[in-house]
Structure formats: structure tokens, C-alpha cells
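# Summary of the model geometry
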Amino acid sequence: MKLNELRDNPGATKPRKRVGRGPGSGTGKMGGRGIKGQKSRSGVAINGYEGGQMPLYQRLPKRGFNKPNRKAYAVINLGLIQKFIDEGKIDAKSAITEDALIASGLVRRKLDGIRVLAKGEITSKVDIQVTGASKTAVEAVEKAGGKLAVAAAAAE
């Protein structure tokens, strides 16, 4: 077999439909758009338009509220911290700060701070200093013999 003998399987590709190319093409004259009307014109975008009737997205009530200045925290779990300690990426003997977590690759960016949640188990005695933590995470770290300090900025 040579390069010039390469072909797609029969029926694998279809030729592009060339619309509005004369009466013999089957899609000549009005190009499959019918006669007159908004859709026959160019530059028409009528998604969600219901012919003058109030569209569904406007008939439904608005719900909820998105706080424009809400804080976004990077979230990590205790199980992941333990995994990184076991792999030697985090030093459990020194204090685990937010900068240490970023340097280890566990967190990509700090956002408005780092929040620790209690998913997974922690067995190492660690000293963690972060912006926020769940109550169960604090209890789990203290149960393992360590301490989890939460910065005062989290209360703000």
C-alpha cells in the first residue's frame, strides 16, 4: 500500500452541502429556508423567542442571591494532608502553614485562604495553621495529638 492509495472507508465522509447553487442542486433558489419570514433572513438568532409570548425563562420566578463579595476558600481534607505527610511532601515536624501547603503542591492557590475539612483520617501529630477549619477537623487533629490553629481573619 502506498500513501496515494489511502482512502477513507466508503460512507465515512459526506461531501459538504452547498446551499443556494442553482436549481439542479436541490437546494437552489431559497436554499432550504422556505419563503419570507424572519428565519429566511440572514443574521437571525431567536433562541428562547416564543413568537411574542412571554418566554419561559422570563415567566419563571427569580430565586436566591449571589453575594458579590463572598469569600472563596481553597478546600483540603485531612486525609490528603496525611497522604502528603506519608509521601514525604510535607514535613509533619514543623508547622504546616498555608505557604507550606502551596509549596508541597497540595493546594494550587490560596484564594481567600485555605479551609481544612475532616474527610479522611489523620494519624500524625501535626501543627496546622490555616484560615479556616470545620469543628470535626479541629477535633480530629487534636485527637491525633496535634493542634489546628485557625486565623482570626476567618471570623470576618
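All residue numbers here refer to positions counted from 1 along the written sequence of the relevant chain. Only residues with pLDDT of at least 70 get local features here, since the model is predicted, and only at 80 or more are side-chain atom pairs given and counted; chain-wide, interface and lining totals rely on the full set of residues. Think of the side-chain values as coming from all heavy atoms in the structure, minus any hydrogens and water.

## Re helix α2 (residues 78-86)
- By the burial criterion, the buried members of α2 are Leu 78, Ile 81, Gln 82, Phe 84 and Ile 85. All buried residues of α2 lie within an arc of 160° about the axis, which places them on one face of the element.
- Should any heavy atoms of two residues lie within 4.5 Å, those residues are considered in contact. A run of DSSP states H or I qualifies as a helix once it reaches four residues; a run of E qualifies as a strand once it reaches two. Both are numbered from the N-terminal end. Those residues of α2 that are buried are in contact with β1 (74-77), α3 (98-104), β2 (114-117), β3 (127-130) and α4 (135-143).
- Positive backbone phi, at 80°, marks Gly 88, one or two positions downstream of α2. For every residue, the accessible area obtained with a 1.4 Å probe (protein chains only) is divided by the maximum for its type, and the residue is called buried under 20%, exposed over 50%, and partly exposed between those limits. The arc in question is the one traced by the directions running from the helix axis out to the C-beta atoms.

## So, the pattern of salt bridges
- Salt bridges are identified by distance alone: a Lys or Arg side-chain nitrogen within 4 Å of an Asp or Glu carboxyl oxygen. Across all of its chains, the model carries five salt bridges by this definition.
- Taking the shortest distance from any N to any O, the salt bridge between Lys 2 and Glu 5 comes out at 3.7 Å.
- Judged by its relative accessible area of 42%, Glu 5 is partly exposed.
- Among the ionic pairs, Glu 87 bridges to Lys 89, the shortest N-O distance being 3.3 Å.
- Given the relative accessible area of 47%, Lys 89 is considered partly exposed.

## Brief notes about the sheet that holds β2
- For two strands to be treated as a pair, DSSP must find at least two bridges joining them. The parallel open sheet is built from three strands, whose spatial order is β1-β2-β4. The sheet terminates laterally at β1 and β4 (132-133), the two strands that pair on one side only.
- Of the strand pairs in this sheet, β2 and β4 are connected by two bridges, and their pairing is parallel. Residue pairing in the sheet places Val 116 in a bridge with Ala 133 of β4.

## Details of the nonpolar core
- For this analysis, a nonpolar core means a set of buried residues of the types Ala, Val, Leu, Ile, Met, Phe, Trp, Tyr and Cys, connected via side-chain atoms within 4.5 Å. Membership of the largest hydrophobic core comes to 22 residues, with the highest contact counts inside it found for Ile 81, Leu 101, Val 116 and Ile 128.
- At the level of elements, β1, α2, β2, β3 and α4 are the ones that each hand at least two residues to this core.
- Examining the composition of this core, we find that four residues originate from one element, α2, more than from any other.
- Ignoring anything within four residues of it in the chain, the contact list for Ile 128 reads Leu 78, Ile 81, Ile 96, Val 141, Lys 147, Leu 148 and Ala 149.

## Brief notes about a nonpolar patch on the surface
- Taken together, the side chains of Met 1, Leu 3 and Leu 6 make up a nonpolar region of the molecular surface, amounting to roughly 430 Å² of accessible area.
- As for its position among the elements, Leu 6 is in the segment before α1 (56-59). Note on patches: the residues involved have over 30% relative accessible area and no salt bridge, like charges join within 9 Å, and the nonpolar side chains Val, Leu, Ile, Met, Phe, Trp and Tyr join within 5 Å. Values of accessible area rely on a 1.4 Å probe in the Shrake-Rupley scheme; residue burial ignores everything except the protein chains shown.

## Considerations on the packing of aromatic side chains
- Note on aromatic pairs: the rings of Phe, Tyr and Trp (six-membered ring only in Trp) are paired at centre separations within 6.5 Å, and the planes decide the class, stacked below 30 degrees, edge-to-face beyond 60, tilted for the rest. In this structure the tally under the stated criterion is zero aromatic pairs.
- We call a charge positioned above a ring when the Lys NZ or Arg CZ atom is no farther than 6 Å from the ring centre and deviates by at most 35 degrees from the ring normal. A cation over a ring is seen here: Lys 89 above Phe 84, with NZ or CZ 4.9 Å from the ring centre.

## Topic: the confidence of the model for the protein chain
- A residue's pLDDT is the confidence the predictor assigns to it, expressed on a 0 to 100 scale. On average, residues of the protein chain score 89 in pLDDT, and 97% of them are at 70 or above.
- At the level of individual helices and strands, the protein chain shows its lowest average pLDDT in strand β5 (residues 147-150), which scores 87, and its highest in α1, which scores 94.

## Brief notes about the side chain of Thr 131
- Examined against the element boundaries, Thr 131 turns out to sit in the loop between β3 and β4.
- Thr 131 sits in the buried class, given a relative accessible area of 8%.
- Within 3.5 Å is the distance limit for a polar contact, defined as a pair of N or O atoms, with the added protein rule that one can donate a hydrogen and the other accept it, and that residues adjacent in sequence qualify only through two side-chain atoms. A distance of 2.3 Å separates the side chain of Thr 131 from the side chain of Glu 98, its partner in a polar contact.

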